[in-house]
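Given next are the chains, with one letter for each unit.
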Amino acid sequence: MASKELHDPEGKQAAAKGPTAAEKARVGAARGLDSRSQEAIGRALKVHYDDLVRAAVPDKFMELLDRLEATEQSGNSQSGADESD
Amino acid sequence: MSQTSFKDDLVAQIPGLRAFAVSLCGSVTLADDLVQEALLRAWGNSDKFQRGTSLRAWLFTILRNVYYSQYRKRARELQDSDGFFARGIAVVGDQESHLDLADFRIALAKLPAEQREVLTMVGASGLSYEEAAVICGVEIGTIKSRVSRARTKLSELMGLDRRPNASGRATLAVSPSGATGDPAGRGK
């Protein structure tokens, strides 16, 4: 399930255009890596990450936060003012 | 203090937090456990979050601490248990080079965790060197050197030449499925 959600070839072109590619290439060149290798790595890194960011988020996280919020609200109504800065 | 707005802020950070977690531990399943624990801790310590500072950096710090304190050993055992690395999509470059995402992820997973995490932070998630330094509790220079070593190591792992070869290309063969681009219907 997760792998299906995480798979999103659409938009990979946009993801491939990172503003940091040139910077990475410069840094890499200084370290002895050729710029094209650096660009390829930088691009792959962005695609890797953006692919993950675009993945559907499981409902369980929202449910967890809802539960935490509900618990806190019921706790506050019992204990009264418990404000700390 | 509005916990509801804090909750909304947390929700907005979840996709990036998951991406960082997967990059760190190499397993989507384990990453979700990490994210859940990080969200729990963030909620419980929301009074310690300084408004106006980067919530993302704060959450990365928490998740990272969870990983190193509880999950690192498990991550080694479970890495790619969900076939994360096998999922290949072609990373097509302009015209000069291309890497296969599955190959890249396998190589990324072989890096030491402290190199992998900083490379992910500054190379993909958009955090600054300064933020990464705070998150990892080290000097900026250390972050820079880790990033540099990570890139060099990745290059070696993926068989990219340190110098341009005869054709001037840094090209790595992609998997057969990825070589021809996006097969019809795959993304639909």
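Criteria and thresholds
Starting from 1, residues in each chain are numbered consecutively following that chain's sequence as written. Chain letters start at A and ligand numbers start at 1, both assigned in the order the entries are written. Per-residue local features of the predicted model are confined to residues with pLDDT of at least 70, and side-chain atom pairs are confined, for both listing and counting, to 80 or more; whole-chain, interface and lining totals are unaffected and use all residues. Secondary structure elements follow DSSP: runs of H or I of four or more residues count as helices, runs of E of two or more count as strands, with numbering from the N terminus. Here the C-beta atoms are placed from the backbone, and a residue counts as buried if at least 20 other C-beta atoms lie within 10 Å of its own, exposed if 12 or fewer do, and partly exposed otherwise. Residue pairs qualify as contacts under a 7 Å threshold applied to their C-beta atoms, which are placed from the backbone. For the domains described, the bounds stem from an automatic or database domain assignment. Per residue, pLDDT captures the predictor's confidence, and it can take any value from 0 to 100. Lines fitted to the C-alpha atoms define the axes, with helices restricted to the stretch that makes contact. Angles between their N-to-C directions range from 0 to 180 degrees. If an angle is under 35 degrees, it is roughly parallel; if it is over 145, roughly antiparallel; if it lies from 65 to 115, roughly perpendicular; otherwise it is oblique. For any pair of crossing helices, the crossing counts as left-handed if the nearer helix is rotated counterclockwise from the farther one by less than a right angle, and right-handed if it is rotated clockwise. Residue classes follow a fixed rule: Ala, Val, Leu, Ile, Met, Phe, Trp, Tyr, Cys and Pro count as nonpolar, while Asp, Glu, Lys and Arg count as charged, and any other residue, Gly among them, counts as polar. Here, a nonpolar core denotes buried Ala, Val, Leu, Ile, Met, Phe, Trp, Tyr and Cys residues that are linked to one another through C-beta atoms within 7 Å.

Quick word on the overall build of chain B
A count of helical and extended segments in chain B gives 8 helices and 2 strands. Counting across all 188 residues of chain B, residues that qualify as buried make up 41%.

Some words on the overall build of chain A
The number of helices and strands found in chain A is 5 helices and 0 strands. Reading chain A from its N end, one meets helices and strands in the order α-α-α-α-α. Counting across all 85 residues of chain A, residues that qualify as buried make up 38%. Considering only residue pairs separated by 6 or more positions, chain A has 55% of its internal contacts joining residues 24 or more positions apart.

Focus on the domain arrangement of chain B
All names here are of chain B. By domain assignment, chain B separates into domain 1 (1–83) and domain 2 (87–178). Facing the 13 residues of domain 1 at the interface are 12 residues of domain 2. Going through the elements one at a time, α1 (3–25) and α3 (55–78) are the ones with two or more residues in the side of domain 1 that touches domain 2. Top element by residues in the side of domain 1 that touches domain 2 is α3. It accounts for 5 residues.

Overview of the confidence of the model for chain A
Residue and element names in this part refer to chain A. Per-residue confidence for chain A averages 69 on the pLDDT scale, and 51% of its residues sit at or above 70. Put simply, helix α2 (residues 12–16) is where chain A has its lowest mean pLDDT, 41, and helix α4 (residues 35–53) is where it has its highest, 89. Scored below 50 in pLDDT, residues 1–19 shows 34 contacts in the model against residues more than four places distant or in partner chains.

Focus: helix α5 (residues 113–125) of chain B
All names here are of chain B. Here α5 lies mainly inside the structure; 11 of its 13 residues are buried. For α5, every residue scored as buried is listed here: Gln115, Arg116, Glu117, Val118, Leu119, Thr120, Met121, Val122, Gly123, Ala124 and Ser125. A positive phi of about 90° marks glycine 126, the residue just after α5.

Topic: the packing of α4(A) against α1(B)
Interhelical geometry of α4(A) versus α1(B) gives an angle of 130° and a closest axis separation of 8 Å. When the interaxial angle is binned, α4(A) and α1(B) end up oblique. Between α4(A) and α1(B) lies a crossing of right-handed hand. Contact residues: α4(A) offers Tyr49(A), Leu52(A) and Val53(A), while α1(B) offers Pro15(B), Gly16(B), Arg18(B), Ala19(B), Val22(B) and Ser23(B). Class assignment for the residues of the contact of α4(A) with α1(B) results in 6 nonpolar, 2 polar and 1 charged.

What about the confidence of the model for chain B?
The predicted coordinates of low-pLDDT regions are not to be read in fine detail. Residue and element names in this part refer to chain B. Here chain B averages 80 in pLDDT, and 74% of its residues register 70 or above. Note that residues 162–188 has pLDDT below 50 and, in this model, 45 contacts with residues that lie over four places away or in other chains. Model confidence for the complex is summarised by a pTM of 0.72, with the ipTM given as 0.76.

Looking at the nonpolar core
For soluble globular proteins, the rule of thumb is that nonpolar side chains tend to be buried together. By size, the foremost hydrophobic cluster in this structure holds 57 residues, and its most contacted members are Ala21(B), Cys25(B), Leu34(B), Ala38(B) and Leu63(B). For this core, the secondary structure elements donating two or more residues are α4 of chain A together with α1, α2 (28–44), α3, α4 (101–110), α5, α6 (129–136) and α7 (140–157) of chain B. Mapped onto the domain boundaries, this core takes at least three residues apiece from domain 1 (1–83) and domain 2 (87–178) of chain B. Contacts of Leu63(B), omitting those with residues within four sequence positions, involve Leu17(B), Phe20(B), Ala21(B), Leu34(B), Val35(B) and Ala38(B).

So, the environment of Ala102(B)
Its location among the elements puts Ala102(B) in helix α4. Sequence separation between Ala102(B) and Arg74(B) is 28 residues; the distance between their C-alpha atoms is 22 Å.

What about the packing of α1(B) against α5(B)?
Residues and elements named next belong to chain B. Running from N to C, α1 and α5 point in directions that differ by 145°, and their axes come no closer than 9 Å. In this structure, the crossing between α1 and α5 has a hand that is right-handed. Contacts from Gly16, Phe20, Ser23 and Leu24 in α1 reach Ala113, Arg116, Glu117, Thr120 and Ser125 in α5. By residue class, the composition of the contact of α1 with α5 is 3 nonpolar, 4 polar and 2 charged.

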